[in-house]
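# Report on the structure
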Amino acid sequence: MAVQTMSWLPRTATSPGARPRWVPGVLGVVAAGMVPWMFVLGRTLPETTQVRHWPAVWIGLDLAMALGCATTARWYHRGDARARLSASAVAALMGMDAWFDVLTALPGTEFTQALVCAVPELALAGLCTWLALRDTERLS
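In this report, we go over the structure that sits alongside the text. Quick caveat: nothing in here was measured; it's all calculated off a predicted structure.

## Describing the side chain of Asp 97
- By secondary structure assignment, the location of Asp 97 is in helix α3 (residues 83–104).
- Buried charge without a salt bridge: Asp 97, with Arg 52 as the nearest opposite-charge side chain at an N-O distance of 22 Å.
- Not counting residues up to four positions away in its chain, the partners in contact with Asp 97 are Trp 58, Leu 61, Asp 62, Met 65 and Glu 121.

What follows is the structure, given as structure tokens:
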């Protein structure tokens, strides 16, 4: 089965599939609205909390990362440009995993272990970011 790579060249405003001009405005408003929201969260969230489904949270995150890595590997192996999309998702998930591992760890050995584990997670996030930003022609 032949796989066609997708063109990543931007479309012009006059092409049939032109990018809607309102998208950057909406995203900009959301980004600006998130700033005061972060201040509200910083002042209102409790220092600690109980979580009922803690194992499911971490297993689900690891499952998403594993599926993302497998998908990226398969698409990259086939020369499919969609590998860039899955690689960017994996990079985001790996960064998020490292962030939460470190910030939710208890002081001492658990914190040290989280920092040690963050190194390969962030290295993989860097690899996936590199794959996501690569030139599409190099995939095939």
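## Considerations on the nonpolar core
- Residues Trp 58, Leu 61, Met 65, Ala 87, Val 90, Ala 91, Met 94, Ala 125, Cys 128, Leu 131 and Ala 132 constitute the largest nonpolar core, which totals 11 residues.
- If you list the elements that add at least two residues to this core, you get α2 (54–78), α3 and α4 (109–133).
- Among residues more than four places away in sequence, those in contact with Leu 131 are Thr 72, Tyr 76, Arg 84 and Ala 87.
- If you look at the next biggest cluster of nonpolar residues, it comprises 5 residues, including Ala 98, Val 102, Ala 105 and Ala 118.

## Digging into α4
- For α4, built from 25 residues, the straight-helix expectation of 36 Å at 1.5 Å per residue is met to within 8% by its first-to-last C-alpha distance of 36 Å.
- The sharpest bend along α4 measures roughly 25° and falls at Ala 118, with the proline Pro 120 sitting one to four residues further on.
- Considered for burial, the residues of α4 that qualify are Ala 114, Ala 118, Glu 121, Ala 125, Cys 128, Leu 131 and Ala 132.
- Where α4 is buried, its residues meet α2 and α3.

## With respect to the packing of aromatic side chains
- As enumerated under the stated definition, the model contains 1 aromatic pair in all.
- Between Trp 54 and Trp 58 the ring centres are 5.5 Å apart and the planes differ by 75°, which places this aromatic pair in the edge-to-face class. Of this pair, Trp 54 and Trp 58 both sit in helix α2, 4 residues apart, which is roughly one turn of that helix.
- The class for Trp 54 is partly exposed, based on a relative accessible area of 38%.

Thresholds, definitions, all that
- Residues numbered from 1 in each chain as written.
- Predicted model: local features only at pLDDT ≥ 70, side-chain atom pairs only at ≥ 80, totals over all residues.
- Heavy atoms only, no water.
- Helix = DSSP H or I, 4+ residues; strand = E, 2+ residues; numbered from the N terminus.
- Buried < 20%, exposed > 50% of the residue type's maximum accessible area, 1.4 Å probe, protein only.
- Lys, Arg positive; Asp, Glu negative; His and termini not counted.
- Salt bridge = Lys/Arg side-chain N within 4 Å of Asp/Glu carboxyl O.
- Contact = heavy atoms within 4.5 Å.
- Core = buried A, V, L, I, M, F, W, Y, C linked by side-chain atoms within 4.5 Å.
- Expected span 1.5 Å × (residues − 1).
- Bend = angle between axes of the 7 residues up to and from the residue.
- Phe/Tyr/Trp six-rings, centres within 6.5 Å; stacked < 30°, edge-to-face > 60°.

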